[in-house]
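Breakdown of the fold
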2 protein chains.
Amino acid sequence: MDYILNMAQRAKGASKALGRMKARDKNRILTAMGEKLRASHEYIIEENMKDLTAGRERGLAEAFIDRLTLTPERIYAMASGLIKMAEFTDPVGESIRGWTLENGLKIEEVRVPIGVIAMIFESRPNVTVDAAGLCLKSGNAIILRGGSDAINSNKALAKLITEAGREAGMPEGAVQLVEKTDRSLVGELLSLHHLIDAVVPRGGRGLKKVITELSKIPIIETGAGICHLYIDREVDEDMALNILINAKTQRPGVCNAVETLLIHVNKMEMLGKVEDALATRGVELRVDERGIGYMTRAVAAAEEDWDTEYLAPILSIKVVEGIEEAIDHINKYGTGHSEAIVTNSVVSSERFLREVDAACVYVNASTRFTDGGEFGFGGEIGISTQKLHARGPMGVRELTTGKYIIRGSGQIR
Amino acid sequence: MDYILNMAQRAKGASKALGRMKARDKNRILTAMGEKLRASHEYIIEENMKDLTAGRERGLAEAFIDRLTLTPERIYAMASGLIKMAEFTDPVGESIRGWTLENGLKIEEVRVPIGVIAMIFESRPNVTVDAAGLCLKSGNAIILRGGSDAINSNKALAKLITEAGREAGMPEGAVQLVEKTDRSLVGELLSLHHLIDAVVPRGGRGLKKVITELSKIPIIETGAGICHLYIDREVDEDMALNILINAKTQRPGVCNAVETLLIHVNKMEMLGKVEDALATRGVELRVDERGIGYMTRAVAAAEEDWDTEYLAPILSIKVVEGIEEAIDHINKYGTGHSEAIVTNSVVSSERFLREVDAACVYVNASTRFTDGGEFGFGGEIGISTQKLHARGPMGVRELTTGKYIIRGSGQIR
């Protein structure tokens, strides 16, 4: 217990210093971290190799090994991410709004860091670097707890960025990695509500379920994505196919990929083209009763298909009577992540935007754009699928909270 | 279970209709509710009398009876609150920000209702009306669960506003009161995370502790207030005394009243005046070793005094070496609610504003202004003392979340 408690106390202490740091000083640290990673790619790759070897020995799936792998290109991308963050506007101290009461009291809402964030994540070691950078930029201390499969990679990355940070003036305790992989430590971390302000779980359903049940600290849930694409009655068919191909196949293993195609009953004849486009790209199609007759290589969809985040080259397809049924289906089975309509009708597009209950709702574009980097946030700590605090991609702004500053001249009630 | 489940399902259904309602239609309902309350004050007072009689029989404290009591004036104030809300800007649909990506995608963040709110509160029946009005205005459905002591008053108020609402076109299920007082129903309510989006507890520590432990739904914690006033070395003594008297005695039973006075060591001689001002107003003074010598009617403070929200005419007093010790004390014992400094020094005031970690930080004004009504929000659902989602007084804006709307012309990644 002392190991985690000491870590949280150091983080709390660091958060006070971080909250007061000038943007220039934080940016110098970010740049130093990025440069250190660039200069140390050989060491990182050596350490990463230990995880890859151990993972292969344990028989991890190739998709998993791929997410775990660090190449010089991936290391340079992480490093550039940090250096780019240094160029971003600092969110801390931003005046959100301000007004003066009739009695002369001046009220101002300013943006301040949240404090201490705990990030609990699986496999991908780049999260160590991205999360540390975003938290530092927004003035928060961070405690990172990665998966045991990536422990050597995470330790190497954390060692380099904390060393570079310390040399550039980062407060001790600002970025810490839980190096022990004992699972009970997660429970201890999640009990420290007086020291840690928010927990961000990033990983599969199992991880999130455990954290939601254990945590005494407020959680920001991220990344569950059963995303839909609805092809409306009047559409540009080429555009619809392009968007579908992109949303399903460009990277099927991520949360903003499409899992279910909903198609207007008058567009059923498009299903042949859908099959041609996707089956040749290795996508398995699971189709409802009405649609399956238009296809030759599809299998029948079961009820649980509508409720499944495949994260794989599988697409479920359902024929709907119209936009109302499409919206109802999405609001019933969707996870509130990203939903798209392809349509030429302004009536349909406006209705879809208004009635679909999700973080990101698209008209005539791929759901794959739901991403902090794509949105221009310079990275993301995750994609929130809850409604409180933040919704959608979370960048540095979403790692802050408000504080009311009230200046008076003796006012009383 | 069916009773609560049905209620939550009706609320979920109503929330969809509410989210799409025009501001004009919601405002008509608010006005109708206010007029109905005004016209029905005799009936309300009759029902309230039942609670008061039962409460006196059970030997409830007079302060409690006072909070429970509805007078024609209090009923008119509630009614006027609803009618005023109708005049406020509707937060739903507000464009929070918008930008266009290099690829032509137009991203807009718009304000939308949270969905379904559950409000669990004690004694004060005006919460029924205020919370219903604020949720309706912000397009949220609300499930209200008040204390059993106020059950007749709450039932009367809920009956009147739902009747008036229904006649004016409010969706069925938009405002619902849990009329059964069985405590196990609270646990059932707090388990329905697929139907209820947020829980707002409003009441004592005991209530909040139970809810935090039971809830599977995100919580917005409100109202714990160990608030401090720090009198700095250089001050206008009259201003300091005025603010202290107001912050401690104007309404000692509320969360934004001051519980602890911190005073600069060079200002110890002011303690005689503090005693004169407060002891004559019936305030018990609990003072540390250094300060007690300057007073004649004070008792010695114990360690637990720094950690106690009296909600009563009691003030603890501590002498500090300077602003650093004052800030450390506040950040250690404060609940992150409202903190004030009285000073003539701009160095002190800026440091206090920056380093004190609380929702509302005051310079030269009473902490009693931390209130949605005083801030100009037209009421409040509570005062958040947490950092996620909302911090400080929560009005209609804080009852909304964001939604990203993305308009494209075929963009893919």
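Rules used throughout
- Residues numbered from 1 in each chain as written.
- Chains lettered and ligands numbered in written order.
- Predicted model: local features only at pLDDT ≥ 70, side-chain atom pairs only at ≥ 80, totals over all residues.
- Heavy atoms only, no water.
- Helix = DSSP H or I, 4+ residues; strand = E, 2+ residues; numbered from the N terminus.
- Buried < 20%, exposed > 50% of the residue type's maximum accessible area, 1.4 Å probe, protein only.
- Contact = heavy atoms within 4.5 Å.
- Pairing = 2+ DSSP bridges.
- Axes fitted to C-alpha atoms, helices over the stretch in contact; angles between N-to-C directions.
- UniProt positions renumbered as here; feature names shortened; annotations may be inferred.
- Domains from an automatic or database assignment.
- Buried area = accessible area lost by both parts, 1.4 Å probe.
- Salt bridge = Lys/Arg side-chain N within 4 Å of Asp/Glu carboxyl O.
- Polar contact = N/O pair within 3.5 Å; in protein donor to acceptor, adjacent residues only side chain to side chain.
- Least-squares fit on C-alpha atoms with pLDDT ≥ 70 in both.
- Parallel < 35°, antiparallel > 145°, perpendicular 65-115°, else oblique.
- Left-handed = near helix turned anticlockwise from the far one by under 90°.
- Nonpolar A, V, L, I, M, F, W, Y, C, P; charged D, E, K, R; others polar.

For the rest of this paragraph, the subject is the environment of Ala240 of chain B. Residues and elements named next belong to chain B. Relative to the elements of secondary structure, Ala240 occurs in helix α10 (residues 237-249). Exposure remark for Ala240: the relative accessible area of 0% places this residue in the buried category. Considered as a pair, Ala240 and Leu157 are 83 residues apart in the sequence and their alpha carbons are 42 Å apart. Excluding anything up to four places from it in sequence, Ala240 contacts Leu229, Ile231, Met270 and Val342.

Residues and elements named next belong to chain A. Strand order in the open sheet formed by four strands is β5-β4-β3-β6, with parallel pairing between adjacent strands. If you trace the sheet from one side to the other, it starts and ends with β5 (175-177) and β6 (198-202), each paired once. Looking at each pair of strands side by side, their axes are set apart by 20° on average, direction ignored. Both strand β4 (residues 141-145) and β5 contribute to a ladder of three bridges, which runs parallel. Residue Ile142 lies in a different strand from β5, and its bridge partner there is Val175. Sheet contacts for helix α1 (residues 2-20): β3 (116-121), β4 and β5; angle to β4, the most-contacted strand, approximately 150°. Sheet contacts for helix α7 (residues 151-167): β3 and β5; angle to β5, the most-contacted strand, approximately 160°.

Residue and element names in this part refer to chain A. UniProt feature "domain: Aldehyde dehydrogenase" (unreviewed entry): in the numbering of this structure it lies at residues 7-267 and 301-380. Helix makes up 50% of residues 7-267 and strand 17%, whereas the separation of the span's terminal C-alpha atoms amounts to 58 Å. The annotated region residues 301-380 carries 31% helix and 22% strand content, and the separation between its end C-alpha atoms amounts to 34 Å.

A common measure of how large an interface is: the accessible area buried when the components associate. All names here are of chain A. If you check the domain split of chain A, you get domain 1 (2-222 + 381-407) and domain 2 (227-373). Put simply, the middle of domain 1 and the middle of domain 2, counted by C-alpha atoms, are 33 Å apart. Roughly 800 Å² is buried in total at the junction of domain 1 and domain 2, and carbon and sulfur atoms are behind 53% of that figure. Where Asp357 meets Lys387, a salt bridge forms, and the shortest distance between an N and an O atom there is 3.1 Å. At the junction of domain 1 with domain 2, the criterion picks out two residue pairs in polar contact (both at pLDDT 80 or more).

A separate point is the side chain of Arg391 of chain B. Here Arg391 of chain B is to be found in the loop between β14 (382-384) and β15 (392-394). A distance of 3.1 Å separates a polar atom in the side chain of Arg391 of chain B from the backbone oxygen of Gly402 of chain A. Polar side-chain contacts of Arg391 of chain B include one of 2.9 Å to the side chain of Asp357 of chain B. When near neighbours in sequence (up to four residues on either side) are disregarded, Arg391 of chain B contacts Val112, Thr401, Gly402, Lys403 and Tyr404 of chain A together with Asp357, Ala358, Ala359, Ser384 and Gln386 of chain B.

Right, let's get into the relation of the copies chain A and chain B. Between chain A and chain B, the superposition needs a rotation of 180° and an axial shift of 0.0 Å, giving an RMSD of 0.0 Å. Classification of the inter-copy transformation places it as that of a two-fold axis. Among all C-alpha atoms of chain A, that of His389 of chain A lies closest to the rotation axis, at 1.7 Å. Most of the interface of chain A is mirrored in chain B, where 100% of its interface residues again form contacts.

The next subject is the packing of helix α6 (residues 126-137) of chain A against α7 of chain A. Two quantities define a packed helix pair, namely the angle between the helix axes and the distance between the axes. Residue and element names in this part refer to chain A. In contact at an axis separation of 8 Å, α6 and α7 are set at 30° when each is read in the N-to-C sense. Between α6 and α7, the interaxial angle falls into the category roughly parallel. In terms of crossing hand, the pair formed by α6 and α7 is right-handed. Residue-level contacts link Thr128, Val129 and Ala132 of α6 to Asn154, Leu157, Ala158 and Ile161 of α7. In terms of residue class, the contact of α6 with α7 is made up of five nonpolar, two polar and no charged.

One pass over the structure, following the stated rule, counts 64 salt bridges over all chains. A salt bridge links Glu355 of chain B to Arg20 of chain A; the nearest nitrogen and oxygen atoms lie 3.8 Å apart. With one member in each of two chains, Glu355 of chain B in helix α14 (residues 346-355) and Arg20 of chain A in helix α1 form a pair that bridges those chains. A salt bridge links Lys50 of chain A to Glu47 of chain A; its shortest N-O distance comes to 3.1 Å. With Lys50 of chain A and Glu47 of chain A both in helix α3 (residues 41-57) and three residues apart, the pair spans about one turn of that helix. Looking at Glu47 of chain A, the relative accessible area reads 12%, which means it is buried. By sharing partners, the salt bridges in this structure join Arg20 of chain A together with Glu324, Arg351, Arg354 and Glu355 of chain B into a single network.

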